[in-house]
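Examination of the molecular architecture
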Amino acid sequence: MAIDSYGAASGAARWDLDEVVNQLRVSREATHNIRHQGRVRELPSRAQLVQILEGLAAVLFPTHYGRPNLTDESIDYFVGDTLNTTLDRLHEQVRRGLQFGAVAPETEEAQAQAALSITRAFAATLPQVRALLVSDVQAAYAGDPAATSIAEIMLCYPGMVAILHYRLAHSLHRLGAPFIARIISDIAHSRTGIDIHPAAQIGASFFIDHGTGVVIGETTVIGERVRLYQHVTLGAKRFPADASGQLIKGTPRHPIVEDDVVVYAGATVLGRITIGAGSTIGGNIWLTQSVPPNSNVSQAHMRSD
Ligand SMILES: CC(=O)OC[C@H](N)C(=O)O
């Protein structure tokens, strides 16, 4: 009798596949059907979205994220061609994502058409997105004494990666592609440790310095020229439930941070409270109440032991 490298007789059942596969089917069929309303849904591809993000970054900032050898003559051709390929790919991912929405378009044609409208509208927002990102880079340069150049910020700052992904994801979210937007925010989260929900609203000139561990929740509203440091949480304080005990989704439950606010490292700001314009929130503060404009919130006592 032949014995293979796993020490099992060849031809004999090695893994009890029948048994495991049967049990997996029983378990699977108890939770979901491979068909949803009669159709097999294709999940969006995270790998494709990574490529799409590379393309979009290159289109927005060709010399930093595209190609280093572009010339005055070639740059528009590079942008046009990259944009064309990237939008084709994005259209397919948006189409797939729509199948998982609460109200998915009924027919395949309707899906493709809706995905086309969203992708076209998204393309039209790119100049506006770029203008916001330029304001963010400038805010980083102005807000960090350690920053020596714009190129350093573009290539080395996790806050820049996070805000680039967020601004693209937010545009897709607003245009009706929330699932794709959510995957993009998770790609940024895994790259940077910064978790920004695509539905959060963030004004121009936003800067997150260092960034690791920052969390910005779904219904957060951030004004202009706001600066955050690492491990800041803009989170929800409580999760109201309906009569049947199910959590109520989508209610405003995260902070409003007005213009020109700085929140230092480790601050936890919870609930639908307002941090008034021009305020400074000190490191490691636990804040669950609104503060008026120009407040300076810091630890009441410093321990020296
Ligand atoms: C950031 C945060 O509050 O997270 C808690 C929960 N995911 C929510 O959105 O309410």
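What you are looking at is a predicted structure, and each value in this text was computed from that prediction instead of being measured.

Before going further, it helps to examine the overall build of the protein chain. Helix and strand content of the protein chain: eight helices and 16 strands. Structurally, the protein chain occupies a C-alpha span of about 80 × 60 × 50 Å along its principal axes. Restricting to contacts in the protein chain with at least 6 residues of sequence separation, those with at least 24 account for 47%. For the protein chain, the computed accessible surface area is about 17000 Å², with 53% contributed by carbon and sulfur atoms.

Along its sequence, the protein chain is carved into domain 1 (42-194) and domain 2 (213-304). Look at where the C-alpha atoms of domain 1 and domain 2 centre, and you get two points 27 Å apart.

We now examine the environment of Glu218. With respect to the helices, strands and loops of the structure, Glu218 is situated in the loop between strand S6 (215-216) and strand S7 (221-222). What makes Glu218 partly exposed here is its relative accessible area of 25%. Polar side-chain contacts of Glu218 include one of 2.8 Å to the side chain of Arg253.

So, about the nonpolar core. Counting 64 residues, the largest nonpolar core has Leu168, Leu172, Phe206, Ile216, Leu228 and Ile281 as its most contacted members. Of all the secondary structure elements, the ones that give two or more residues to this core are helix H2 (46-60), helix H4 (75-98), helix H5 (108-143), helix H6 (150-156), helix H7 (158-174), helix H8 (178-192) and strand S5 (207-208). Considering each element in turn, this core owes the most residues, nine residues, to H5. Summarising the domain contributions, this core has at least three residues from each of domain 1 (42-194) and domain 2 (213-304). Every residue in contact with Leu168, bar those within four places of it in the chain, is listed here: Leu53, Leu56, Leu60, Phe122, Leu126 and Val129.

Moving on to the side chain of Gln99. Assignment of secondary structure puts Gln99 in the loop between H4 and H5. Setting aside its immediate chain neighbours within four residues, Gln99 contacts Arg39, Arg41, Glu42, Ala104 and Gln111.

The subject of this paragraph is H7. A rise of 1.5 Å per residue sets the reference length of H7, with its 17 residues, at 24 Å; its end C-alpha atoms lie 24 Å apart and thus fit the reference within 8%. Counting buried positions along H7 gives 13 out of 17 residues, so the element sits mostly inside the fold. A positive backbone phi angle near 105 degrees is found at Gly176, which sits one or two residues after H7.

Now for the confidence of the model for the protein chain. Should the pLDDT be low somewhere, the predicted coordinates at that spot are not to be read in detail. In the predicted model, the protein chain carries a mean pLDDT of 93, and the fraction of residues at 70 or more is 93%. The least confident element of the protein chain, judged by mean pLDDT, is strand S1 (residues 35-36) at 68; the most confident is S7 at 99. Both scores are available for the predicted complex, with the pTM at 0.92 and the ipTM at 0.93.

A word on the sheet that holds strand S4 (residues 201-202). Pairing is parallel in the open sheet, where four strands are placed in the order S4-S7-S10-S13. Looking along the sheet, the strands with just one partner apiece sit at the ends: S4 and strand S13 (274-275). In this structure, S4 lies alongside S7, joined through two bridges in parallel fashion. Its bridge partner lying in S7, Gln201 is registered against Val221.

Here is what the cut-offs are and how they apply
Residues numbered from 1 in each chain as written. Predicted model: local features only at pLDDT ≥ 70, side-chain atom pairs only at ≥ 80, totals over all residues. Heavy atoms only, no water. Helix = DSSP H or I, 4+ residues; strand = E, 2+ residues; numbered from the N terminus. Contact = heavy atoms within 4.5 Å. Areas by Shrake-Rupley, 256 points an atom, 1.4 Å probe, with all protein chains shown as cover. Domains from an automatic or database assignment. Buried < 20%, exposed > 50% of the residue type's maximum accessible area, 1.4 Å probe, protein only. Polar contact = N/O pair within 3.5 Å; in protein donor to acceptor, adjacent residues only side chain to side chain. Core = buried A, V, L, I, M, F, W, Y, C linked by side-chain atoms within 4.5 Å. Expected span 1.5 Å × (residues − 1). pLDDT = per-residue confidence, 0-100. Pairing = 2+ DSSP bridges.

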